[in-house]
Amino acid sequence: MSLKEQLKEDLKTAMRDKEVVKRDSIRAINTMIKQIEVDERRELDDDEVIKLIQRGIKQREEAISQYKAASRDDLVQKEQEQVDVFMLYLPKQLSDEELEAGMKEIVAQTGATTMKDMGKVMGIATKTFAGVADGKRINEMVKKLLS
């Protein structure tokens, strides 16, 4: 079952069970998918849908930090609930230990020793860990290993 089919089924279930947050979150994902499919006149595959979901999570996390700065706890909670639903549709994220082990391997392959080599490592790492670790975590791990 593709990710889009899974979203469709989960939307039906959420509507039936009156799960408002889940329903609205899935609708937001479907809206992002539909917008790209209509604009570009093509079907999105699962990898592209995952990238869209990650972008949605990033947007909501930025909104959360702004709402926290404005002391709007009600909106922080709403956005966090949406992030939690979005996370259900991402592949299982790597633990810090798994990410570090993979990063050490990439650093060894590239022969990177200093922060000047960060670009080479990041290029390979972002492709290798696409979908299972976000860019921010990868970046922090590279800095940790090369400093």
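The name an unreviewed UniProt entry assigns to the protein chain is Glutamyl-tRNA amidotransferase, from the organism Arcobacter cloacae.

Asker: Would you mind going over the packing of helix H6 (residues 118-128) against helix H7 (residues 135-146) with me for this structure?
Answerer: A packed helix pair is summarised by two numbers, namely the angle formed by the two axes and the spacing between the axes. Between H6 and H7, the shortest axis-to-axis distance is 10 Å and the interhelical angle comes to 140 degrees. When the interaxial angle is binned, H6 and H7 end up oblique. By crossing handedness, the relation of H6 to H7 is classed as right-handed. Along its contact with H6, which presents Met118, Val121, Met122, Ala125 and Thr126, the element H7 presents Gly135, Ile138, Asn139, Val142, Lys143 and Leu146. Grouping the amino acids of the contact of H6 with H7 by side-chain chemistry returns seven nonpolar, three polar and one charged.

Asker: Hey, could you run me through the pattern of salt bridges in this one?
Answerer: Between side chains of opposite charge, a pair can form when the charged atoms approach closely. Taken as a whole and judged by the stated rule, the model has eleven salt bridges. A salt bridge links Glu100 to Lys104, with the nearest nitrogen and oxygen atoms 3.6 Å apart. Residue Glu100 and its partner Lys104 are both found in helix H5 (residues 96-110); the two are separated by four residues, about one turn of the helix. One continuous salt-bridge network, built from bridges that share partners, spans Lys4, Glu37 and Glu43.

Asker: Honestly, unusual backbone geometry in this entry has me stumped. Any pointers?
Answerer: Phi is mostly negative for residues that are not glycine, and the peptide bonds are mostly trans. Positive phi, normally seen in glycine, also occurs at Lys18, with a value near 55 degrees. Here Lys18 lies in the loop between helix H1 (3-16) and helix H2 (20-40). A relative accessible area of 70% means that Lys18 is categorised as exposed. With phi around 50 degrees, Arg41 is a residue other than glycine that occupies positive phi space.

Asker: Quick question: what am I supposed to make of a negative patch on the surface here?
Answerer: On the surface, Glu5, Asp45, Asp46 and Asp47 cluster together into a negatively charged patch. Among the secondary structure elements, Asp47 is positioned in helix H3 (residues 46-69).

Asker: Could you clarify how one ought to interpret H7 in this entry?
Answerer: Helical geometry: 3.6 residues make up each α-helical turn, so side chains three or four residues apart lie on a common side. With twelve residues, H7 extends 16 Å from end C-alpha to end C-alpha; this agrees with the ideal 16 Å at 1.5 Å per step. If you check which residues of H7 are buried, you get Ile138, Met141, Val142 and Leu146. For H7, the buried positions fall inside an angular range of 120 degrees around the axis, keeping them on one side. When the buried face of H7 is taken as reference, the exposed residues oriented beyond 90 degrees from it are Lys136 and Lys144. Of the surrounding secondary structure, the elements contacted by the buried residues of H7 are H5 and H6.

Asker: Explain the environment of Ser65 to me, please; I cannot follow it from the model alone.
Answerer: Structurally, the position occupied by Ser65 is in helix H3. A relative accessible area of 45% places Ser65 in the partly exposed class. Along the primary structure Ser65 and Val76 are separated by eleven residues, whereas in three dimensions their C-alpha atoms are 8.0 Å apart. Among the polar contacts listed, one links the side chain of Ser65 to the backbone oxygen of Glu62, at a separation of 2.8 Å.

Asker: Hey, could you run me through the side chain of Thr110 in this one?
Answerer: Positionally, Thr110 belongs in helix H5. The buried category is assigned to Thr110, whose relative accessible area is 18%. Look past the residues within four positions of Thr110 in its chain and what remains in contact with it is Lys120, Val121 and Ile124.

Asker: When you look at H3 in this model, what are you seeing that I'm missing?
Answerer: End to end, H3 covers 35 Å across 24 residues, agreeing with the expected 34 Å (1.5 Å per residue, within 8%). Restricting attention to buried positions, one finds in H3 the residues Val49, Ile50, Leu52, Ile53, Gly56, Ile57, Arg60, Ala63 and Ile64. Its buried side turned inward, H3 meets H1, H2 and helix H4 (73-87). Within two residues after H3, Ser71 carries a phi angle of roughly 55 degrees, on the positive side.

Conventions and cut-offs
- Residues numbered from 1 in each chain as written.
- Predicted model: local features only at pLDDT ≥ 70, side-chain atom pairs only at ≥ 80, totals over all residues.
- Heavy atoms only, no water.
- Axes fitted to C-alpha atoms, helices over the stretch in contact; angles between N-to-C directions.
- Helix = DSSP H or I, 4+ residues; strand = E, 2+ residues; numbered from the N terminus.
- Parallel < 35°, antiparallel > 145°, perpendicular 65-115°, else oblique.
- Left-handed = near helix turned anticlockwise from the far one by under 90°.
- Contact = heavy atoms within 4.5 Å.
- Nonpolar A, V, L, I, M, F, W, Y, C, P; charged D, E, K, R; others polar.
- Salt bridge = Lys/Arg side-chain N within 4 Å of Asp/Glu carboxyl O.
- Buried < 20%, exposed > 50% of the residue type's maximum accessible area, 1.4 Å probe, protein only.
- Patch = residues over 30% accessible without salt bridge, like charges linked within 9 Å, V, L, I, M, F, W, Y side chains within 5 Å.
- Areas by Shrake-Rupley, 256 points an atom, 1.4 Å probe, with all protein chains shown as cover.
- Lys, Arg positive; Asp, Glu negative; His and termini not counted.
- Charge placed at Lys NZ, Arg CZ, Asp CG, Glu CD.
- Expected span 1.5 Å × (residues − 1).
- Arc of directions from axis to C-beta.
- Polar contact = N/O pair within 3.5 Å; in protein donor to acceptor, adjacent residues only side chain to side chain.

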